[in-house]
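Structure at a glance
So you can see what is in the structure, the chains are spelled out below.
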Amino acid sequence: MTRADGIVIACALGFVGALYGQFWGGGTSSGEARIVAGSDEFGRYSLFEERRIEVPGPAGTTVVEVRDGAVRCAESPGPNRVCQQAGWLRHGGEMAVSLPNRVLIEVVAADRRFDSVNF
Amino acid sequence: MQIQTTREDHRIAWLAALAVAIHVAETVLPSPLPGIKPGLANVVTVVALLRYGWRAAAWISGLRVLAGSLITGTFLSPTFLLSASGSLCALLVLALVHALQADRPTERLVLSAVGLSVLAALAHMGGQFLVAWYLLIPHPALLKLLPVFMSFALAFGILSGTIARGVITRLNADPADHPSDDVTPQRDQT
């Protein structure tokens, strides 16, 4: 193998790695979380200011926790814990939804990758 | 009527037949994704390029795609289209690199069969992927598969390049076989 071969293989590895980053990487976060309650926007919060937000809904109160650039649904009245199971949301476009409480938590994406999401 | 054939014609026919045999044998191998195969027939193309020049490599590659598709029954099918476009891209890249380094075989930064195979494999995959995306499945979800395809292309490129390098080393060591009537000078493979 010549030195040029080594360079070509290294470049190819970098190229393939970049492809993974480009097509498999998570959406770029805008650093902002958006909470929707019912049909109205409840609020937008920076992901880098630690806080707990209580969002009232028809089934009770959904507690949203923001910490270290991520947001999660900490508590929600839904019996199946679907909202909590979404875990920490970090990448743009990721979301957690509590249907019983009609609350939607999402990380606002720098570039919108989905027009809509159906559940 | 008899067509006059040269020694080079015979050599191309032999090598193309070898490439077709490898090509057809590979189609029976199971594959995790359509479009992924080792592409060992490219070994023949790269060896031909380094020993007999770009013209021979182009003939062998073209004949392989044509005869291979006729044998496997995919002539003019989407598979053929992908195979042909991939091979064309690979050939163009090989021709470009070969032309760039043909007149300075002694320089240090010269690609051996390994580098050539890697470039050809990536170009082949890139070409057929673009055609698949534009013509067959124009859906953005297909792009999610591109990194996987390219990983396989890279791995198989290194594999077939290593094989090609071994073949060339053995051919060069054989005193009975010299590409005497050749335009391209023979080059040391180190």
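Residues numbered from 1 in each chain as written. Chains lettered and ligands numbered in written order. Predicted model: local features only at pLDDT ≥ 70, side-chain atom pairs only at ≥ 80, totals over all residues.

A word on the overall build of chain B. Of the regular secondary structure elements, chain B holds six helices and zero strands. The order of α-helices and β-strands along chain B, N terminus first, is α-α-α-α-α-α. The buried share among the 190 residues of chain B stands at 38%. (Helix = DSSP H or I, 4+ residues; strand = E, 2+ residues; numbered from the N terminus. Buried ≥ 20, exposed ≤ 12 C-beta atoms within 10 Å, placed from the backbone.)

With that settled, the discussion passes to the sheet that holds strand E1 (residues 29–37) of chain A. Sheets are built from strands paired through backbone hydrogen bonds, the pairs being either parallel or antiparallel. All names here are of chain A. Pairing in this open sheet of four strands is antiparallel, and the strands run E2-E1-E7-E6 from one edge to the other. Both edges of this open sheet fall to strand E2 (40–46) and strand E6 (95–98), since each of them pairs with a single strand only. Across the sheet, the mean angle from the axis of one strand to that of its neighbour is 20°, orientation sign disregarded. Of the strand pairs in this sheet, E1 and E2 are connected by six bridges, and their pairing is antiparallel. Opposite Glu32, over in E2, you have Ser46 as the bridge partner. (Pairing = 2+ DSSP bridges. Axes fitted to C-alpha atoms, helices over the stretch in contact; angles between N-to-C directions.)

All names here are of chain A. Here three strands make up an open sheet; going across it, the order is E3-E4-E5 and the pairing antiparallel. Looking at which strands have only one partner, the edges of the open sheet turn out to be strand E3 (51–57) and strand E5 (70–75). Adjacent strand axes in the sheet meet at a mean angle of 25° when their direction is disregarded.

The next subject is the interface of chain A and chain B. The interface is formed by 13 residues belonging to chain A together with 19 residues belonging to chain B. Counted by class, the side of chain A that touches chain B contains ten nonpolar, one polar and two charged residues. (Contact = placed C-beta atoms within 7 Å. Nonpolar A, V, L, I, M, F, W, Y, C, P; charged D, E, K, R; others polar.)

To continue, consider unusual backbone geometry. Of note, A:Asp68 is a non-glycine position whose phi angle comes to about 50°, a positive value. Tracing the backbone through its elements, the reader meets A:Asp68 in the loop between strand E4 (60–67) and E5. Judged by the 10 C-beta atoms lying within 10 Å of it, A:Asp68 is exposed. Despite not being glycine, B:Leu76 shows a phi value in the positive range, around 65°. Within the element layout of this structure, B:Leu76 appears in the loop between helix H3 (54–72) and helix H4 (78–102). Accessibility expressed as a C-beta count within 10 Å gives 10 for B:Leu76, which makes it exposed.

Our focus in this paragraph is the nonpolar core. In terms of nonpolar packing, the biggest core is built from 50 residues, with B:Val46, B:Ala48, B:Ile60, B:Leu116 and B:Leu122 touching the most fellow members. Counting residues per element, the ones that place at least two in this core are helix H1 (3–24) of chain A together with helix H1 (7–27), helix H2 (41–52), H3, H4, helix H5 (113–136) and helix H6 (146–173) of chain B. Considering every element that reaches this core, the biggest residue donor is H5(B), with twelve residues. Ignoring sequence-local partners within four residues, the contact set of B:Val46 consists of B:Ala113, B:Leu116, B:Ser117, B:Ala120, B:Gly161 and B:Ala164. Residues A:Leu47, A:Val66, A:Cys73 and A:Leu104 belong to the second largest nonpolar core, which totals 15 residues. (Core = buried A, V, L, I, M, F, W, Y, C linked by C-beta atoms within 7 Å.)

Residues and elements named next belong to chain A. The element strand E7 (residues 103–109) is largely enclosed, with a buried count of five among its seven residues. When E1 meets E7, the two strands line up antiparallel, connected through six bridges. Note that in E7 the partner of Ile35 across the bridge is Ile105. Of the pairings in the sheet, the one linking E6 to E7 comprises four bridges and is antiparallel in character. Each bridged residue has a counterpart across the sheet, and for Ala96 the counterpart in E7 is Ile105. The hairpin turn running from E6 into E7, its antiparallel successor, is four residues long, and Arg102 in that turn takes a positive phi close to 55°.

Residue and element names in this part refer to chain B. One can describe the packing of H2 onto H5 by two numbers: an axis separation of 10 Å at closest approach and a directional angle of 130°. What the angle tells us is that H2 and H5 run oblique. Along this stretch, H2 crosses H5, giving a crossing that reads as right-handed. Residues Asn42, Val46, Leu49 and Leu50 of H2 pack against Ala113, Leu116, Ser117, Ala120 and Ala121 of H5. (Parallel < 35°, antiparallel > 145°, perpendicular 65-115°, else oblique. Left-handed = near helix turned anticlockwise from the far one by under 90°.)

Residues and elements named next belong to chain B. Tracing the backbone shows Phe156 in helix H6. In sequence terms Phe156 and Lys37 are 119 residues apart; their C-alpha atoms lie 8.1 Å from each other. With residues up to four places along the chain from it excluded, the contact list for Phe156 reads Pro38, Gly39 and Ala121.

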